[in-house]
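Here is how the chains run, residue by residue.
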Amino acid sequence: MSKVNIKIEGIPFEVDAGLTILEAARQCGFEIPSLCAFNHGECSKASCRVCLVEATGARGLVASCVYPVSEGMEIKISSPKAVAARRVSVELLLSNHNRNCQECDKNGKCELLHVAKLTGAKEERFQGEQTPVTRDFLTPTIVRDTSKCVLCGRCVERCKNAHGIGVLGFENRGFKTIVAPAENRSFIQSPCIMCGQCINVCPTGALMEASEIDRVDQAMAQGKYVVVQTAPAVRAALGEEFGMKIGTPVTGKMVAALRRLGYKKVFDTNFGADLTIMEEANELLHRVKTGGVLPMITSCSPGWVNYAEYYYPDQLSHLSTCKSPHEMFGAILKTYYAKKIGVDPKDMFVVSIMPCSCKKYEKNRPEMEEEGGLRDVDAVLTTRELGRVIRRAGIRFDKLPDEDFDQDIVHDYSGAGVIFGVTGGVMEAALRTAHYVLTGKEREGIIFKEVRGFENIREAEFELGGQKIKVAVTSGMRGAKVLLDQIREGTSPYTFIEVMGCPGGCINGGGQPYVREVFLPNEDSDIMDTYKEKRAQALYSEDERQTVRQSHRNEQVQDLYKEFLGEPNSHLAHELLHTSYNPNRPRFD
Amino acid sequence: MNHLSEAAVRQINEICDRYAEEQTPLMMILSDIQKEYGYIPLEVQELVSERTGVPVAEIYGVVTFYSFFSLTPKGKYVIGCCLGTACYVKGAQQVIDKFSDMLGIKAGQTTEDGLFTIDALRCIGACGIAPAVSINGKVYPKVSPASVAGIIEEYRAKGNN
């Protein structure tokens, strides 16, 4: 790559040509305060004007996040003019911002407050009219509050990049500009799939998950038998909420924390994941044997299910009818388990800790209700919300001992269940079991490396007991669209497809801790590129540590079938563990 | 999600087809629809979104950004009052206020009989004849509050024929 010579504060540097001033300065050991720019240019609209610097050859100050370096350029970051301009930019943003910061769940992770600190914007110098405010509390997953929005456009870009949907856009003009779904509608009245990726990138509290902490508090206060289950991806990221390095597995500490929060039982959704594999692998084999609808597509991710219902209502027969693991587990807890321990299911309250904001919507689906109005799952907290509850309780997370899940008839889980949390994991778990069912033996080395990784669409072909099975794995709706268009056109070569809503799978779900370079001084400088792999590694390493690594070898799941469900895809299993999809699910008002 | 008549769907598809070769046809499509129908409701934007692959939110953003586009039907005669700097210092605010008073509507609104809409414009490039008013493409130079009644009468007479 060609190089250019620049000077920053009079000191000469040689940097790659084509870099922006912001990137070049970073390589030279400077961190220019910036707000709207995100993730190496995934979003750089230069809208916030926080990163202004002086540069020779430019007229006036330039936004360093978009302005390229050139030969001989002299850059001044600390000149009085640049310092004052950056401070005024932040002061102007603050003047049109709801500064009721203690009510904001981004408190402590707010990038606006961070740049206010960096630029020294302390005074309320500008006061006056504020942009009319919209607060959208109608959607059970995402809360939008334009009084906190800085119009950076990161959410707009993420929705387009990850999914090609573009639910959010800039509306109106000038002072009245807001970021919103078309017509400033609620998300639930728009084509939003509620994945929560927009929350993950929002620098302020303008987009947040709809918190259900109060619901859980209430159930505890009412003396309900509150049981908690944790999804695999939570353990790979919860430590980040307490300053631990990304990719630190914290399963034992998480269990200890939940026990200290007063939950009667602490279980692992992985039991539900193993159950899902038993049902889903059998459903797949049944479809293959009987000439059913193929390819079959996984149905664990509620964001993906929303996408399928809304955008491909004519292809819903391809979705597995299996409920997602936490819903399956909820159904089992309120029937089989409640009976075993002698608790009235009406008094049981099931809380799921999820890396996902969309699970909040999923649990409210009419299909997730059992007889007598019982919900499979009563409340969903995200990884971030769990972090908040743990801090509120005064628990020193890093000082906790490692504890085990409650040892009861539904606590066992296999390594196959653990890897559900990363893209390709459900596929791999299903293949491990399918291999056994079709060949009568376990795969050598157990793992299926072919379906691992973060490429947008990965495909592989296996010959299992004389059966050729071609599979594909994707995450994010861009890849899903490609695969579904093939199906619609009748050209899909696959037998089985795994789709996850969020890019990278649940480890990068819409409920996971925020990943921001500025708040992670101890991480490597490439953390924005590597955090997904690091979280994934936490799950793969737990899989390796498990003695049982295939769902069909989970003995408690076998007992569940023997004592209660009969066999996979039995009538009772269908009633409790399977669901249906609605091509006409009412969305618009 | 569409409540459009078949004829409308056909015509909008036809408009989209005109620009099938363009890389970024959105502005041209919207402009033609605005001229044809006088407004671009959300249902139409959804159809354009399907045809062009541009998200609805983005189309809605474009429609609400440019004052030329409208979400609601406009009157038969659109009174565009320029409020650009030159017109403004020459008294354009008094002119638009006079139109508002006489027609009983604010800028952006349409009279009940569907005859008039008042639009506040930002510089139509006719600074030499400020304050300027443009009605359905015809430009009136150096308009004063006193001449407003006559202009309205001119169009009322036309409109009633």
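Criteria and cut-off values
Residues numbered from 1 in each chain as written. Chains lettered and ligands numbered in written order. Predicted model: local features only at pLDDT ≥ 70, side-chain atom pairs only at ≥ 80, totals over all residues. Helix = DSSP H or I, 4+ residues; strand = E, 2+ residues; numbered from the N terminus. Rg over C-alpha atoms; globule rule 2.2 N^0.38 Å. Buried ≥ 20, exposed ≤ 12 C-beta atoms within 10 Å, placed from the backbone. Contact = placed C-beta atoms within 7 Å. Pairing = 2+ DSSP bridges. Axes fitted to C-alpha atoms, helices over the stretch in contact; angles between N-to-C directions. Domains from an automatic or database assignment. Core = buried A, V, L, I, M, F, W, Y, C linked by C-beta atoms within 7 Å.

(A) Region of the structure containing the overall build of chain A. Summing up its helical and strand segments, chain A has 19 helices and 18 strands in all. Its C-alpha atoms give chain A a radius of gyration of 25 Å, within 12% of the compact-globule value 25 Å for 589 residues. Each of the three principal axes of chain A carries a C-alpha extent, and together these read 75 × 55 × 50 Å. Looking at the 589 residues of chain A, the share that counts as buried comes to 51%. Taking all contacts inside chain A whose residues are at least 6 apart in sequence as the whole, residues at least 24 apart take part in 74%.

(B) Structural view of the sheet that holds strand E18 (residues 496-500) of chain A. All names here are of chain A. The sheet built from four strands is open, its strands ordered E13-E18-E17-E16 with mixed pairing. Sheet topology places strand E13 (296-297) and strand E16 (457-464) at the edges, where each strand pairs with a single neighbour. Here strand E17 (residues 467-475) pairs with E18 via five bridges, running parallel. In the sheet register, Thr474 faces E18, and the bridge partner there is Val499. Contacts from helix H15 (residues 425-439) reach E16, E17 and E18, with the element oriented near 10° to E16.

(C) Geometry of the domain arrangement of chain B. Structurally, chain B comprises domain 1 (6-65) and domain 2 (77-159). The centre of domain 1 of chain B, based on its C-alpha atoms, is set 28 Å off from the matching centre of domain 2 of chain B.

(D) Expanded view of the domain arrangement of chain A. All names here are of chain A. Under the domain assignment used here, chain A contains domain 1 (3-94), domain 2 (131-209) and domain 3 (222-577). Relative to domain 3, the C-alpha centre of domain 2 lies at a distance of 27 Å. Taken together, the 16 residues of domain 2 in the interface contact 24 residues of domain 3. Every element with two or more residues in the side of domain 2 that touches domain 3 is listed here: helix H4 (154-163) and helix H5 (197-201). The leading source of residues in the side of domain 2 that touches domain 3 is H5, at three residues.

(E) Here's a closer look at the sheet that holds strand E1 (residues 77-82) of chain B. All names here are of chain B. With respect to topology, four strands assemble into an open sheet ordered E2-E1-E3-E4, the strand pairing being mixed. In this open sheet, the two strands that pair with only one neighbour each are strand E2 (116-121) and strand E4 (138-140). Strand after strand, the sheet turns through a mean of 20° between neighbouring axes, direction not considered. Judged from the three bridges that link them, strand E3 (residues 133-135) and E4 form a sheet pairing that is antiparallel. What sits directly across from Val133, in E4, is Tyr140.

(F) Seen up close, unusual backbone geometry. With omega at -5°, the peptide bond leading from Leu294 of chain A into Pro295 of chain A counts as cis. Cis peptide bonds are those with omega within 30 degrees of zero, and the linkage from Ala130 of chain B to Pro131 of chain B qualifies with -10°. Position of Pro131 of chain B among the secondary structure elements: in the loop between E2 and E3. The phi angle at Glu183 of chain A is positive, at roughly 65°, despite the residue not being glycine. With respect to the helices and strands, the residue Glu183 of chain A is situated in the loop between strand E9 (178-181) and H5. Positioned with a positive phi, Ile446 of chain A is a non-glycine residue whose angle comes to about 65°. Here Ile446 of chain A is to be found in the loop between H15 and E16. By C-beta crowding, Ile446 of chain A is classed as partly exposed, having 15 other C-beta atoms within 10 Å.

(G) Local environment of H4 of chain A. Residues and elements named next belong to chain A. Within H4, eight of the ten residues are buried, which leaves it mostly tucked inside the rest of the structure. All of the buried residues along H4 are Arg154, Cys155, Val156, Glu157, Arg158, Cys159, Ala162 and His163. Tucked inside the fold, the buried residues of H4 contact strand E8 (168-171), E9, H5, strand E10 (207-209) and helix H16 (477-489).

(H) A look at the nonpolar core. Core analysis: the biggest nonpolar cluster contains 181 residues, and Val53 and Ala430 of chain A have the highest contact counts within it. Each residue touching Val53 of chain A, except ones within four places of it in the same chain, is listed here: Ile21, Ile32, Leu61, Val62, Ser64, Ile75, Lys76, Ile77 and Ala82 of chain A. Ranked by size, the runner-up nonpolar core spans 20 residues in total, among them Cys81, Cys87, Ala92 and Ile151 of chain B.

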